[in-house]
Amino acid sequence: MVNLNEQGLAHMRAGEYEEALCCFFKAVNERPNDPAGYMNIGTVLAAAGEDEKALECFQQALMLDERAAAAFYGIGTVYYKREQFAQAKDMFERALALGLADADTHFMLGMSLWRLEMPRLALPYLQRAAELNEKDAEALFQLGLCLAALDYVDEAKRYFEKTLEHNPRHADAYYNLGVIYAYKDDPAAARDLFAAALDANPDHVLAGYGKKMMEKRLAP
């Protein structure tokens, strides 16, 4: 027997959202008491910007299974997108408590706390996200930012460098490394890093300003 949810997920991974929705709706019709179909429909709708409809699907999943961790995660992503970070934090905490302890859940909980200006509380979740997915450039970068905010400059530098190992065009990683080298009184290295940020993103205003400042410091 074909597993419609798995078939739908395969379509989702391929970016075939209409086909995915078709599979998930069939799954719900065949098994109306299985929360998985509702969660999957909600995930597609959230990705398409249909936030209210997505929330209804996630809530339907929770009516069928109040311990459906993925539904709490889905609600959290909608709240996060709406910049309702306190509500998002609560949802990701519930997902984590119910056993959804993957890299994405740790990352989104850490980011919610970061956006609530609680870097010290965000740090362990961002660290865990980076541990669970060592090749996720954005997780590495955000961990670097969090460490820098807490004045762990050398540790932050290491994670910005790791970010660039996995994404050599990450302009903000170059920029933040430039700031660190400027702080360490190495204007030549800082200038080169600001230049690299501009090469990756010519519209990076802060990198442009930093490069000019370092050039002034280096002028005879």
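Anyway, here's the lowdown on the structure attached to this text.

Rules used in this analysis
Residues numbered from 1 in each chain as written. Predicted model: local features only at pLDDT ≥ 70, side-chain atom pairs only at ≥ 80, totals over all residues. Heavy atoms only, no water. Helix = DSSP H or I, 4+ residues; strand = E, 2+ residues; numbered from the N terminus. Buried < 20%, exposed > 50% of the residue type's maximum accessible area, 1.4 Å probe, protein only. Contact = heavy atoms within 4.5 Å. Areas by Shrake-Rupley, 256 points an atom, 1.4 Å probe, with all protein chains shown as cover. Lys, Arg positive; Asp, Glu negative; His and termini not counted. Charge placed at Lys NZ, Arg CZ, Asp CG, Glu CD. Salt bridge = Lys/Arg side-chain N within 4 Å of Asp/Glu carboxyl O.

Helices and strands together make up the secondary structure of the chain, namely 13 helices and zero strands. For the chain, the sequential pattern of α-helices and β-strands runs α-α-α-α-α-α-α-α-α-α-α-α-α. Each principal axis of the C-alpha distribution contributes one length, and for the chain these read about 75 × 35 × 30 Å. Residues counted as buried form 45% of the 220 residues belonging to the chain. Pairs at least 24 apart in sequence give 41% of the contacts found in the chain among residues at least 6 apart. When the accessible surface of the chain is split by element, carbon and sulfur atoms take 50% of a total near 12000 Å². Side chains of the chain carry 23 positive and 34 negative charges; the gap between the two charge centres is 4 Å.

Another aspect to go through is the pattern of salt bridges. Close approach of charged atoms allows side chains with opposite charge to pair. On inspection of all chains with the given rule, the structure shows 13 salt bridges. For K89, the salt bridge is made with D90, and the minimal N-O distance between the two is 3.0 Å. The exposure class of D90 is partly exposed, given its relative accessible area of 36%. In this structure, R169 and D199 form a salt bridge, with 2.9 Å as the shortest nitrogen-oxygen distance. Taken together, the residues R169 in the loop between α10 (153-166) and α11 (171-183) and D199 in helix α12 (residues 187-200) connect sequence positions 30 residues apart. Given the relative accessible area of 48%, R169 is considered partly exposed. Overlapping salt bridges bring together D51, E52, K81 and R82 as one network.

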